[in-house]
Structures are given as C-alpha cells and as structure tokens.
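Observations on the three-dimensional arrangement
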Amino acid sequence: MHPPRSSTRMEREARTVALMIRRFCRDCHQGRDSLCNDCQALLAYAHRRLRHCPFQEHKTTCGNCPRHCYAPGQRRKIQEVMRYAGPRMLLSHPLLAIAHLIDGLRKPRPKR
Ligand SMILES: [Zn+2]
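A brief look at the structure comes next. Note that the structure is predicted; figures quoted are calculated from it, not measured.

**Section: the coordination of the zinc ion**
- The zinc ion binds to the protein through C25 (SG), H29 (ND1), C36 (SG) and C39 (SG); the donor distances cover 1.9 to 2.4 Å.
- Here the zinc ion binds four donor atoms, and the angle range of 101 to 123° at the metal identifies the geometry as tetrahedral.
- Mapped onto the sequence, the donors of the zinc ion take the spacing C-x3-H-x6-C-x2-C.
- Here C36 falls in the buried class, since its relative accessible area comes to 16%.

**Here's the deal with the pattern of salt bridges**
- Under the criterion given, the structure shown has nine salt bridges.
- In this structure, R9 engages E13 in a salt bridge whose closest nitrogen and oxygen atoms are separated by 2.9 Å. In this pair, R9 and E13 are both assigned in helix α1 (residues 8–30), four residues apart and thus about one turn of the helix distant.
- Judged by relative accessible area, R9 falls into the buried class, the value being 4%.
- Given the relative accessible area of 5%, E13 is considered buried.
- Two residues, D103 and R12, come together in a salt bridge whose shortest N-O distance is 2.8 Å. Note that D103 is positioned in helix α4 (residues 94–103) and R12 in helix α1, a separation of 91 residues in sequence.
- Given a relative accessible area of 22%, R12 falls into the partly exposed group.
- Here the residues in one salt-bridge network are R9, R12, E13, K59, D103 and R106, joined through shared partners.

Conventions we followed
Residues numbered from 1 in each chain as written. Predicted model: local features only at pLDDT ≥ 70, side-chain atom pairs only at ≥ 80, totals over all residues. Heavy atoms only, no water. Donors = N, O, S within 2.8 Å, 3.2 Å for Na, K, Ca; no water. Tetrahedral: all angles 85-135°; square planar, octahedral: opposite > 155°, others 65-115°. Buried < 20%, exposed > 50% of the residue type's maximum accessible area, 1.4 Å probe, protein only. Salt bridge = Lys/Arg side-chain N within 4 Å of Asp/Glu carboxyl O. Helix = DSSP H or I, 4+ residues; strand = E, 2+ residues; numbered from the N terminus.

The structure is reproduced here in structure tokens:
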C-alpha cells in the first residue's frame, strides 16, 4: 500500500471528501464533530480508493469518473453524502468547492 503521491491534487481530493463526510454525519447522523462508525468506515474506504486510483493527479472528480471503482453499497452512501454536502460546501468552503468543480472538468488519463 502506498500513500497518494504528494500532489496537491490528491491531497485536495482527500480533504474534500473528508469535509463532506464530516458535514453529512454531523447534520444527518449524530450532531457531533466526530464521525459515526459508518461514516468512519466510509471515509477510510474513500481514501483507500483514492490511493489506488489509476489516474492519480490526472483524475477527474469521482462523480465524473468513467471508472466506477466503488462497491455498490459504498457508492450509494457516498452519493448520498455528495448530494447533501456538495451544495453546502459552496457556502462553507467556497474555494475548495470551486476547485472541486474545476477538477471535475478534467479528462482523466492514466498516469504513466
Ligand atoms: Zn455518520
């Protein structure tokens, strides 16, 4: 297992998904800043998928990716999180949200 290559691109992606899951869990699950077990597992899963992503710094955002690397159950959960937290990110973290939108315009190509 290797950590994401030190690209701001991948760090930003990891940070964005963590923020979204935290927001979702706080508002919809338990009202606290710590994650519930489910969301903790989901975040660990998302970060694991990022580490194994074949596109790495050339990746688009997961929502726009042609390759569906999530297992169906986790995919359903992350979609729920994105639907809820995505629009709210624009208010709480506008720069990160806009960077995420721009990242989503990339055409993914596998790293060499
Ligand atoms: Zn939760």
